[in-house]
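# Understanding the architecture of this molecule
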Amino acid sequence: MPAIESNAYAKLNLTLDVLGRRPDGYHDMCMVMQTVSLCDHLLLEYGTGMPVQVRSNLEYLPTGGSNLAAAAALRLCEAIGRECGVSIAIQKGIPVCAGLAGGSADAAAVLRGLNQLLSLGLSWERLAEIGQRVGSDVPYCVLGGTALAEGRGETLTPLNSLPSCWVVLCKPNFSISTPELFGRLDSVHIRCRPDTAGVLAALDHGDLMGVAQRMYNVFEDVLPERRGAEVAEIKNTLIQQGALGASMSGTGPTVFGLFDQRSQAGAAFRILRESYRETYLAETIGQVL
Ligand code: C5P
């Protein structure tokens with residue numbers, strides 16, 4: 001049976017701004033996204049003669065169509081008019097419900113992997129279009145690298161790569177519902193927004209410090225009080241250990257810091273891991289196509 005391995009990389013929000021609520025219930029976003037080396041490993045097999053099947057090393061993940069990886073396989077097979085005898089084995093490395101687009105990254109890895117395995121020759125734009133029906137972050141995850149994501153998240157502009165750096169990611173032990181956080185944001189006046197134009201200019205100049213010091217995520221301001229304090233404390237630790245900047249990713253709760261020195265990133269990783277089991281040391285990576 002033809003098979004292929006495909007990696008699913010986590011994404012970070014270097015910036016996250018929510019511009020307003022749309023008539024379809026979604027929100028218009030403006031986000032600078034970055035891929036990091038923290039990843040899930042997928043093994044895809046085609047021609048099982050069975051409905052799409054997902055298995056993973058985490059027994060609580062859904063195995064049917066509600067798993068974004070399965071949904072992506074179904075959408076792709078629908079689009080090309082083929083039977084969907086796909087089996088997907090996922091070894092999770094990205095924490096779940098963390099603001100790192102782990103599920104969307106798996107969906108994107110399925111689209112890229114099947115495109116290659118079945119020699120479909122579909123462009124990334126076509127894969128992103130199919131992925132958009134699976135989830136708002138899937139189009140970006142198909143492309144990867146440094147990119148501006150607008151609209152629901154599907155309008156992508158590739159950007160100059162963020163200069164390579166080390167990333168420490170730390171997921172506090174709580175999770176927050178994404179629709180709930182969007183709802184909270186709808187009911188408040190957003191006081192502080194990221195300097196997206198400044199980040200884009202810094203990327204143009206290859207200025208890592210300029211990007212790191214302008215990172216911000218509007219969801220940080222609407223976290224429940226105790227959660228917000230924990231996120232702020234992790235950010236402080238990262239900065240004290242030499243991070244050039246720190247922010248929360250997506251709807252959280254993962255907090256990350258960017259470092260230009262491997263030794264400082266390593267020290268921050270060790271300190272945070274004493275309190276937080278889900279702490280990771282990674283590197284930025286470019287487009288994943
Ligand atoms: O598209 P996805 O299924 O990933 O979105 C999950 C939830 O996040 C949506 O149901 C919606 O509540 C919220 N969302 C939003 N606006 C976006 C993306 C997501 O309101 N642009």
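Quick caveat: nothing in here was measured; it's all calculated off a predicted structure.

## Some remarks on the site of the ligand
Residues in contact with the ligand, as listed here, are Gly25, Tyr26, His27, Met29, Gly135, Ser136, Arg152, Thr178, Pro179 and Phe182. Ser136 has a polar side-chain atom sitting 2.5 Å from an oxygen atom of the ligand. Between the ligand and Arg152 there is a distance of 3.0 Å, counted from a nitrogen atom to a backbone nitrogen or oxygen. For the ligand, whose accessible area on its own is 450 Å², the fraction buried by protein is 70%. Under a 2 Å grid-point criterion requiring more than half of the atoms, the pocket assigned to the ligand is the largest pocket. Breaking the shell around the ligand down by element, the ones donating at least two residues are β2 (27–46) and α5 (178–186). Of the residues forming the shell around the ligand, the biggest block, 3 residues, is contributed by α5. Classifying every residue of the shell around the ligand by side-chain character gives 4 nonpolar, 5 polar and 1 charged.

## Observations concerning the side chain of Thr251
Checked against the element boundaries, Thr251 lands in the loop between β9 (245–248) and β10 (255–259). At 3.0 Å, the side chain of Thr251 forms a polar contact with the side chain of Thr178. Once you skip the residues sitting within four places of it in the chain, Thr251 turns out to touch Gly99, Ile176, Thr178, Leu181, Phe182 and Phe219.

## Quick look at empty space enclosed by the protein
Scanning all chains against the criterion turns up 1 cavity of 30 Å³ or more. Put simply, the largest cavity is a space of about 60 Å³. Listed by contribution, the elements that provide at least two residues to the lining of the largest cavity are β1 (3–21), α2 (102–117) and α4 (138–143). Of all the elements, β1 adds the most residues to the lining of the largest cavity, at 4 residues. Its residues assigned to classes, the lining of the largest cavity shows 7 nonpolar, 2 polar and 2 charged.

## Regarding the layout of surface pockets
Empty space left among the atoms is revealed by rolling a probe the size of a water molecule over them. Estimates place the volume of the largest pocket at around 1,100 Å³. Lining the largest pocket are 39 residues, with Leu68, Ala101, Ser104, Asp137 and Thr178 positioned closest to its centre. Secondary-structure elements contributing two or more residues to the lining of the largest pocket are β1, β2, α2 and α5. In terms of residue count, the dominant contributor to the lining of the largest pocket is α2 (4 residues). Residues belonging to the lining of the largest pocket are distributed by class as follows: 19 nonpolar, 15 polar and 5 charged. Taken as a whole, the second largest pocket holds about 200 Å³ of empty space. Lining the second largest pocket are 14 residues, with Leu58, Tyr60, Pro95, Val96 and Glu278 sitting closest to its centre. Class assignment for the residues of the lining of the second largest pocket results in 7 nonpolar, 3 polar and 4 charged.

## With respect to the nonpolar core
Soluble globular proteins: nonpolar side chains tend toward being buried together. Counting 97 residues, the largest nonpolar core has Ile88, Leu238 and Leu258 as the members making the most contacts within it. Counting residues per element, this core draws most heavily on β2, at 10 residues.

## Some remarks on the pattern of salt bridges
As enumerated under the stated definition, the model contains 14 salt bridges in all. A salt bridge links Arg22 to Asp24; its shortest N-O distance comes to 2.8 Å. For Arg22, a relative accessible area of 19% gives the class buried. Accessibility expressed as a relative area gives 45% for Asp24, which makes it partly exposed.

## As for the side chain of Lys11
With respect to the helices and strands, the residue Lys11 is situated in strand β1. A polar contact of 2.6 Å, which involves the side chain of Lys11, links it to the side chain of Asn13. Not counting chain neighbours up to four residues away, the residues in contact with Lys11 comprise Met33, Gln34, Gly99, Leu100, Ala101, Asp137, Tyr140, Ser249 and Gly250.

## Comments concerning the environment of Lys92
Tracing the backbone through its elements, the reader meets Lys92 in the loop between β4 (86–91) and α2. Relative accessible area serves as the criterion here: at 14%, Lys92 is assigned to the buried category. Each C-alpha atom of the pair Lys92 and Leu223 lies 27 Å from the other, and the pair is 131 residues apart in sequence. If we ignore the near neighbours within four places in the chain, the residues touching Lys92 are Asp40, Asn57, Leu58, Leu61, Gly102, Gly103 and Asp106. Polar side-chain contacts of Lys92 include one of 2.5 Å to the side chain of Asp40.

Procedures and definitions
Residues numbered from 1 in each chain as written. Predicted model: local features only at pLDDT ≥ 70, side-chain atom pairs only at ≥ 80, totals over all residues. Heavy atoms only, no water. Near = heavy atom within 4 Å. Polar contact = N/O pair within 3.5 Å; in protein donor to acceptor, adjacent residues only side chain to side chain. Areas by Shrake-Rupley, 256 points an atom, 1.4 Å probe, with all protein chains shown as cover. 1 Å grid on protein atoms, 1.4 Å probe; cavity = no way out; pocket = protein on both sides within 12 Å on 5 of 7 lines; lining within 4 Å. Sits in = over half its atoms within 2 Å of the grid points. Helix = DSSP H or I, 4+ residues; strand = E, 2+ residues; numbered from the N terminus. Nonpolar A, V, L, I, M, F, W, Y, C, P; charged D, E, K, R; others polar. Contact = heavy atoms within 4.5 Å. Points joined across faces, edges and corners; volume = space filled by probe spheres on them. Core = buried A, V, L, I, M, F, W, Y, C linked by side-chain atoms within 4.5 Å. Buried < 20%, exposed > 50% of the residue type's maximum accessible area, 1.4 Å probe, protein only. Salt bridge = Lys/Arg side-chain N within 4 Å of Asp/Glu carboxyl O.

It is worth stressing that arrangement in space is one thing and function is another; only the former is reported here.
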